[in-house]
Amino acid sequence: FIMPKWEMMFREMQTGRPFYDFTAPLIPCAALLLGLGVLFLTMAFNMRSRNIWFGVPWFGAHLRMRENARLANVLGLALGAGATLEETLEALLRNSRYDPLRRALRQISEEVRAGVPPLDSFRAHGIWREELLWGLDAVLHGAPPHATLSQVAQVLDEKAANRLNAIYRFGTPLMLLVAAAGVGLTAWTVFNTLRSVGEGLLTW
């Protein structure tokens, strides 16, 4: 919205071809760099950006592990308290508006109610860690739900923390540079355009 208005103003104020014509392709590049940098830095804290990164290889691995750990913990508590798997899944669907697992859990809930074996349904839908599937299989074969799935959740949480630390150790400096490059490129474009306008005014 802003840059076309500026271009119109620059064309009226300058003689010849305005500097903006040469730098216009840089504006989308600057916006992309800045957006990527900010999105990366917020992916572990903002709910919506977390959903965006959830399916991305490597970057989303720690998010998937954390969601699997959260689900394992909830299932362990609910099943250990006497709730059925169907009741637990329905409760999760009622209380997880932006959960990246919501679609998979809805499909699993519908299939489990229809009589599909839970483990088969879990394997058919969603991105699940083998640790979670192993825990579910153990519980379905008589293992204590709370102890088994809580242990699974603890293991996944530790792995997620290690992965998150690795990502931020290498990714944060890089994305800060990327975001800074976007800001710098935008500033360079704007100030050089203004300089071009000033030089054009001096030639009148």
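Just so we're clear, the structure is a prediction, and the values are computed from it rather than from any experiment. (Residues numbered from 1 in each chain as written. Predicted model: local features only at pLDDT ≥ 70, side-chain atom pairs only at ≥ 80, totals over all residues. Heavy atoms only, no water.)

*Asks:* I tried to follow the overall build of the chain on my own but got confused; where do I start?
*Replies:* Broken down by element type, the chain carries ten helices and zero strands. Mapped in sequence order, the helices and strands of the chain form the string α-α-α-α-α-α-α-α-α-α. By sequence separation, contacts in the chain at least 24 residues apart represent 59% of the contacts at least 6 residues apart. Total accessible area on the chain stands at roughly 11,600 Å², and carbon and sulfur atoms take up 64% of it. (Helix = DSSP H or I, 4+ residues; strand = E, 2+ residues; numbered from the N terminus. Contact = heavy atoms within 4.5 Å. Areas by Shrake-Rupley, 256 points an atom, 1.4 Å probe, with all protein chains shown as cover.)

*Asks:* Could you clarify how one ought to interpret the nonpolar core in this entry?
*Replies:* If you look at soluble globular proteins, the nonpolar side chains tend to sit buried side by side. Counting 28 residues, the largest nonpolar core has Leu71, Leu75, Leu105, Phe122 and Trp128 as the members making the most contacts within it. Where this core is concerned, the elements lending two or more residues are α5 (61-80), α6 (85-94), α7 (102-113), α8 (118-124), α9 (130-140) and α10 (145-202). Discounting residues that sit within four places of it in the chain, Leu71 has contacts with Leu92, Leu105, Phe122, Trp128 and Leu132. (Core = buried A, V, L, I, M, F, W, Y, C linked by side-chain atoms within 4.5 Å. Buried < 20%, exposed > 50% of the residue type's maximum accessible area, 1.4 Å probe, protein only.)

*Asks:* What should I look at first to understand the packing of α6 against α7 in this one?
*Replies:* Each pair of packed helices can be summarised by the angle the axes make with each other and by the distance between the axes. It is at 10 Å that the axes of α6 and α7 come closest, and there the two elements cross at 150°. In terms of orientation, α6 lies roughly antiparallel with respect to α7. Crossing geometry of α6 relative to α7 is assigned as left-handed. In contact with Leu85, Glu86, Leu89, Glu90, Leu92 and Leu93 of α6, α7 contributes Arg102, Leu105, Arg106, Ile108, Ser109, Val112 and Arg113. (Axes fitted to C-alpha atoms, helices over the stretch in contact; angles between N-to-C directions. Parallel < 35°, antiparallel > 145°, perpendicular 65-115°, else oblique. Left-handed = near helix turned anticlockwise from the far one by under 90°.)

*Asks:* Please clarify how the confidence of the model for the chain should be interpreted in this entry.
*Replies:* Close inspection of predicted coordinates is inappropriate in any region flagged by low pLDDT. Overall, the predicted model of the chain reaches an average pLDDT of 78, with 72% of residues at or above 70. Taking the mean pLDDT of every element in the chain, the minimum, 48, falls on helix α2 (residues 20-23) and the maximum, 93, on α9. (pLDDT = per-residue confidence, 0-100.)

*Asks:* What's the story with the environment of Leu36 in this structure? I'm lost.
*Replies:* Along the polypeptide, Leu36 turns up in helix α3 (residues 26-42). Looking at Leu36, the relative accessible area reads 39%, which means it is partly exposed. Spatially, the C-alpha atom of Leu36 lies 9.7 Å from that of Leu176, the residues being 140 residues apart in sequence.

*Asks:* I would appreciate a short explanation of the packing of α5 against α9 in the present structure.
*Replies:* α9 packs onto α5 with a crossing angle of 15° between their chain directions and a minimal axis gap of 10 Å. Put simply, α5 runs roughly parallel to α9. For the pair α5 and α9, the crossing hand works out as left-handed. Together, Asn68, Leu71, Ala72, Leu75 and Leu79 of α5 and Leu132, Leu136 and Val139 of α9 make up the contact between the two elements.

*Asks:* Just checking my understanding: could you explain the side chain of Thr88 for this structure?
*Replies:* As for its placement among the helices and strands, Thr88 is situated in helix α6. The buried category is assigned to Thr88, whose relative accessible area is 4%. When neighbours within four sequence positions are excluded, Thr88 is seen to be in contact with Val74, Leu75, Ala78, Leu79 and Ala83.

*Asks:* Just checking my understanding: could you explain α5 for this structure?
*Replies:* Because each turn of an α-helix spans 3.6 residues, side chains separated by three or four positions end up pointing in the same direction. In this model, α5 (20 residues) spans 28 Å end to end at C-alpha, consistent with the 28 Å of a helix rising 1.5 Å per residue. By the criterion of burial, α5 is predominantly enclosed, with 14 of the 20 residues buried. Looking one or two places after α5, you find Gly82, whose phi comes out positive at around 105°. (Expected span 1.5 Å × (residues − 1).)

*Asks:* Even after reading the chapter, I still don't get α9, so can you show me in this structure?
*Replies:* Those residues of α9 lying buried are Glu131, Leu132, Leu133, Gly135, Leu136, Ala138 and Val139. The first or second residue beyond α9 is Gly142, which carries a positive phi of 105°.

*Asks:* Teacher, can you tell me more about the side chain of Thr148 here?
*Replies:* Residue position: Thr148 is located in helix α10. On the accessibility criterion, Thr148 (11% relative accessible area) is buried. Of note is the side chain of Thr148, whose polar atom sits 2.7 Å from the backbone oxygen of Pro144. The contact partners of Thr148, leaving out residues within four places of it in the chain, are Trp134, Gly135, Ala138, Val139 and Ala143. (Polar contact = N/O pair within 3.5 Å; in protein donor to acceptor, adjacent residues only side chain to side chain.)

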